[in-house]
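# Inside the fold
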Amino acid sequence: MTKQPATPRGFPPLLGESPHTLVLGSFPSVASLAAQQYYAHPRNAFWPIMGMLLGFDATLPYPERTRALTACGIALWDVIASCHRPGSRDDAIVGPSVEPNDIVGLLIATPTITRIVTNGTTAERLFRRHVWRALPLALRSRLQVCPAPSTSPAHATRTVAEKTALWRVALGLSGAHAV
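Just so it is clear, the model here is predicted, and its values are computed rather than measured. (Residues numbered from 1 in each chain as written. Predicted model: local features only at pLDDT ≥ 70, side-chain atom pairs only at ≥ 80, totals over all residues. Heavy atoms only, no water.)

## Describing the overall build of the protein chain
For the protein chain, the count of helices and strands is 7 helices and 6 strands. Starting at the N terminus, the α and β elements of the protein chain follow one another as β-α-α-α-β-β-β-α-β-α-α-β-α. The buried share among the 179 residues of the protein chain stands at 46%. Nonlocal contacts in the protein chain, meaning residues at least 24 apart in sequence, comprise 70% of its contacts between residues at least 6 apart. (Helix = DSSP H or I, 4+ residues; strand = E, 2+ residues; numbered from the N terminus. Buried < 20%, exposed > 50% of the residue type's maximum accessible area, 1.4 Å probe, protein only. Contact = heavy atoms within 4.5 Å.)

## Things to note about unusual backbone geometry
One non-glycine residue, Gln36, lies in the positive phi region at around 55°. As for its placement among the helices and strands, Gln36 is situated in the loop between helix H1 (30–35) and helix H2 (46–54). One non-glycine residue with positive phi stands out, namely Tyr39, at about 55°. Its location among the elements puts Tyr39 in the loop between H1 and H2.

## A short note on the pattern of salt bridges
Taken as a whole and judged by the stated rule, the model has 1 salt bridge. Of the charged contacts in the structure, one is a salt bridge between Arg9 and Glu99, with a shortest N-O distance of 3.0 Å. Of this pair, Arg9 sits in the segment before strand S1 (21–25) while Glu99 sits in strand S4 (residues 99–100); the two residues are 90 residues apart in sequence, bridging distant segments of the chain. Looking at Arg9, the relative accessible area reads 47%, which means it is partly exposed. (Salt bridge = Lys/Arg side-chain N within 4 Å of Asp/Glu carboxyl O.)

## Quick notes on the pairing of S1
Remember that side chains alternate between the two faces of the sheet whenever the strand is regular. Counting buried positions over the 5 residues of S1 gives 5, a clear majority of the element. Side-chain alternation along S1 places Thr21, Val23 and Gly25 on one buried face and Leu22 and Leu24 on a second face that is also buried. Both S1 and strand S2 (residues 74–78) contribute to a ladder of 5 bridges, which runs parallel. When the sheet's bridge partners are listed, Val23 is paired in S2 with Leu76. Where S1 and strand S5 (residues 115–119) come together, 4 bridges link them in parallel fashion. Within S5, the position partnered with Leu24 by the bridge is Thr118. (Pairing = 2+ DSSP bridges.)

## Overview of the sheet that holds strand S6 (residues 144–148)
By way of backbone hydrogen bonds, the strands of a sheet pair with one another, either parallel or antiparallel. What the 4 strands build is an open sheet, ordered S2-S1-S5-S6; its pairing is parallel. Lying at the two open borders of the sheet, with one neighbouring strand each, are S2 and S6. Adjacent strand axes in the sheet meet at a mean angle of 25°, parallel and antiparallel pairs treated alike. Of the strands in this sheet, S1, S5 and S6 are in contact with helix H7 (residues 160–170), which crosses S5 at around 155°. (Axes fitted to C-alpha atoms, helices over the stretch in contact; angles between N-to-C directions.)

Here it is in C-alpha cells:
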C-alpha cells in the first residue's frame, strides 16, 4: 500500500491595519509553498504589477514588499485553504479535495474590506462557488467583487502592460499611486 502525500495547506491571510481590498488567489503554487511566500514564482507578475500600481520596488525583500502592500490597504489570501493538485496549474486542482478558507469569517471580522479582487478566472469561479453563496446579504451589499487577469506565468495571453491596466481598474485606481 502506497502512502498518499500530505495535502498541502495554504497561507494565513496577509492583513494590514485596516485593509479596504482583499486580493484572492486560488491556491499557492509549488514555488510559493516551497518559499512560504505569496506569488513566489519568479515569472509571476503579481509583485511587479503591484509595485507599478502602488509605487514600491517589486524587488524588495518579501517582508518589505508585503509591508508596502498592506500599507496601501491591500490584503492577500487564497480561496482554497487546502487541496490536492499535482503541480501548480489551477486546472489540475482536484475538485472534491478543495477545502475553502473561512473568507466569510475574515470579512465579518474585517468590516473595512469593501472590495474583493480575484486573481484569475479560477479564483473568481472558486470564490463564487465556495464563498459568495455563503455570504450574508448584508456582507454582499458592502462588497464590490472585481475580477482581474491571472498574474501567473501560465496565463500569457496578455502582456504585463495589459494585465497592469486591467488590475488598475480592478483595484479601483485612477492614477499610478492612487490607493
